[in-house]
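# A closer look at the structure
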Amino acid sequence: MTDQTMTLEIKNIPIKPAVSADAPIGVFDSGVGGISVLQHIHALLPYEQLLYVADSRYAPYGSKTPQEIQSRCFEIADFLITKGVKAIVVACNTATAAAIDLMREKYSLPIIGMEPAVKPAAAASKNGVIGVLATVGTLKSAQFAGLLESYGRNVKVVTQGCIGLVECIERGELRSDNTFKLLEQYCQPLLDEGADTIVLGCTHYPFVKPLIQQIVGDGVTLIDTGAAVAKHLQKRLAALDLLTQQYHHSGAVRFWTNSQAADAKQVVEALWGKSAEVEFL
Ligand code: DGL
């Protein structure tokens, strides 16, 4: 035993695994929806390398049991860790609700999750009625109940599970009649209750924000959490001294998908907004 290790043991200083600030950040979702979060992360932290996993073969998570979602999250986190990530962003409200606590128990690296923006929506609403569009899994979760308990007490919260919507977006149908009809069906109950602010409580939904705005009208404010998650990630990495200092070129962004659709790469590129390096799992 060297003097140094002896000192560490005597002082009981926890020995942290050596993680480099230049290591990539892992981001994943049940599918392509989390790319809406990835865009905010890349815009805020352009020098960071980003690795994105779309678990599209297992989408939607919204209709799965918490146990099924947890096992998907562990498998993807293990994969990202083999790629050397310094932090993981769970860019999925449903997966966060089902698995974030267990992930934080299992892994020692920072795990950033997300939740529907009930708090900012309650603050933004002028008439005190907010709507939440989310997956059934998110709306049924204990985390969401806790969120309503904490921030939904002084407003009326109208929730709407959007079965089938994630699948439309996974197919890249951002403007199809089918997507429009589903959105009309899901937005109407919120409008009937007078919601003046609507939370996009699933990371797939920002990709159909123009359609939702068209349906609900300009008088209704739409809120999502991508920008807030990116800021939170920046803060966590800064606090741990884990922000890259490699400012000479922008960070590479790599994608993995297990989608079996023939046009999987095109869907990723359409949502990302440019050509992308996409590998198949
Ligand atoms: N993007 C996921 C979320 O934020 C969608 C979940 C699903 O696959 O149903 O909840």
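Now for a look at the structure at hand. Since the model is a prediction, treat every value here as computed from it, not as a measurement.

## Concerning the packing of aromatic side chains
- According to the stated counting rule, one finds five aromatic pairs in the structure shown.
- A centroid spacing of 5.3 Å and a plane angle of 75° characterise the contact between F79 and W256, whose relative ring orientation is edge-to-face. On the criterion of sequence distance, the pair formed by F79 in helix α3 (residues 66–82) and W256 in strand β9 (residues 253–257) is long-range, its members being 177 residues apart.
- The buried category is assigned to W256, whose relative accessible area is 3%.
- Plain terms: the ring middles of F255 and W272 are 5.5 Å apart, the flat faces sit at 65° to each other, and that makes the pair edge-to-face. Highlighted residues: F255 in strand β9 and W272 in helix α12 (residues 264–272), separated in sequence by 17 residues. Here the two residues F255 and W272 agree in accessibility, since each one is buried.
- Ring pairing ties together the aromatic residues Y52, F255 and W272, which thus form one cluster.

## So, the site of the ligand
- Lining the immediate environment of the ligand, one finds 13 residues, of which S30, Y61, G62, T94 and T203 sit closest.
- At a separation of 2.7 Å, an oxygen atom of the ligand approaches a polar backbone atom of G62.
- Within the contact set of the ligand, an oxygen atom lies 2.5 Å away from a side-chain nitrogen or oxygen of T94.
- Contact with the protein chains covers 99% of the free accessible surface of the ligand, which is 300 Å².
- Looking at side-chain class alone, the shell around the ligand contains five nonpolar, seven polar and one charged residues.

## Side note on the environment of F280
- Inspection of the secondary structure puts F280 in strand β10 (residues 277–280).
- Distance from F280 to V216, taken between C-alpha atoms, is 38 Å for residues 64 residues apart in sequence.
- Setting aside chain neighbours within four positions, we find F280 in contact with T257, S259, A264 and K265.

## Observations concerning the pattern of salt bridges
- For the structure on display, the rule yields eleven salt bridges.
- Between D55 and R72 there is a salt bridge, and its shortest N-O distance comes to 2.8 Å. Of this pair, D55 sits in the loop between β2 (50–54) and α3 while R72 sits in helix α3; the two residues are 17 residues apart in sequence, bridging distant segments of the chain. The pair formed by D55 and R72 is uniform in burial state, with each residue classed as buried.
- The closest approach of N and O atoms between E279 and R254, which form a salt bridge, is 2.9 Å. With E279 in strand β10 and R254 in strand β9, this pair connects stretches of sequence that are 25 residues apart.

## A closer look at the sheet that holds strand β1 (residues 25–29)
- Strand order across the open sheet formed by six strands is β4-β3-β1-β2-β9-β10, with parallel pairing between neighbours. The open sheet has two edge strands, β4 (111–112) and β10, and neither has a second partner.
- Relative to β2, β1 runs parallel, the two being bridged by five bridges. Each residue of the ladder has a partner; that of V27, found in β2, is Y52.
- Against the sheet, α3 contacts β1, β2, β3 (87–90) and β9, and its axis sits at roughly 155° relative to β1.

## Overview of the packing of helix α2 (residues 35–44) against helix α11 (residues 226–239)
- Two numbers describe how α2 lies on α11: the axes approach to 8 Å, and their chain directions differ by 45°. Relative to α11, the element α2 lies oblique. Crossing of α2 against α11: the hand is right-handed. Along the contact surface, α2 presents V37, H40, I41 and L44, while α11 presents G226, A227, V229, A230, K231, L233 and Q234.
- Residue composition of the contact of α2 with α11, by class: seven nonpolar, three polar and one charged.

## Considerations on helix α4 (residues 93–106)
- In this model, α4 (14 residues) spans 19 Å end to end at C-alpha, consistent with the 20 Å of a helix rising 1.5 Å per residue.
- A bend of about 60° at A99 is the largest found in α4.
- Of all the residues in α4, the buried ones are N93, T94, A95, T96, A97, A98, A99, I100 and M103.
- On its buried side, α4 packs onto β1, α3, β3, β4, α6 (136–140) and α7 (142–151).

Parameters at a glance
Residue positions within a chain follow its written sequence, with the count starting from 1. With pLDDT at 70 or above as the cut-off, local features in this predicted model cover only qualifying residues; side-chain atom pairs require 80 or more to be listed or tallied, and sums for whole chains, interfaces and linings still use all residues. Side-chain measures here rest on the full set of heavy atoms in the structure, leaving out hydrogens and waters. Only rings of Phe, Tyr and Trp enter the pairing, Trp through its six-membered ring, and a pair is recorded when the two centres are within 6.5 Å. The plane angle decides the type: under 30 degrees is stacked, over 60 is edge-to-face, the rest tilted. In this description a helix means any DSSP run of H or I spanning at least four residues, a strand means any run of E spanning at least two, and both kinds are numbered starting from the N terminus. With a 1.4 Å probe rolled over the protein chains alone, any residue whose accessible area is under 20% of its type maximum counts as buried; one over 50% counts as exposed, and the rest are partly exposed. The nearness test applies per residue and asks whether one of its heavy atoms lies within 4 Å of the molecule or strand. The term polar contact refers here to a pair of N or O atoms within 3.5 Å; inside protein, the definition further demands a hydrogen-donor-capable atom paired with an acceptor-capable atom, and it admits residues adjacent in sequence only when both atoms are side-chain atoms. Exposure was quantified through the Shrake-Rupley algorithm and a 1.4 Å probe, taking into account, for residues, occlusion by the shown protein chains and nothing else. Gly counts as polar in this scheme, as do all residues outside two lists: the nonpolar Ala, Val, Leu, Ile, Met, Phe, Trp, Tyr, Cys and Pro, and the charged Asp, Glu, Lys and Arg. Should any heavy atoms of two residues lie within 4.5 Å, those residues are considered in contact. Between Lys or Arg on one side and Asp or Glu on the other, a salt bridge is scored when a side-chain nitrogen of the former is within 4 Å of a carboxyl oxygen of the latter. A pair of strands is treated as paired once DSSP finds two or more bridges between them. Lines fitted to C-alpha atoms define the axes, with helix axes restricted to the stretch in contact, and inter-axis angles between N-to-C directions lie between 0 and 180 degrees. Angle categories: roughly parallel below 35 degrees, roughly antiparallel above 145, roughly perpendicular from 65 to 115, and oblique for all the rest. Left-handed is the label given to a crossing in which the near helix is rotated counterclockwise from the far helix by less than a right angle, and right-handed is the label when the rotation is clockwise. For a helix, the expected span equals 1.5 Å multiplied by the residue count minus one. Given a residue, its bend is the angle between the two axes fitted to the seven residues that end at it and to the seven that start from it.

None of this, on its own, says anything about what the molecule does.
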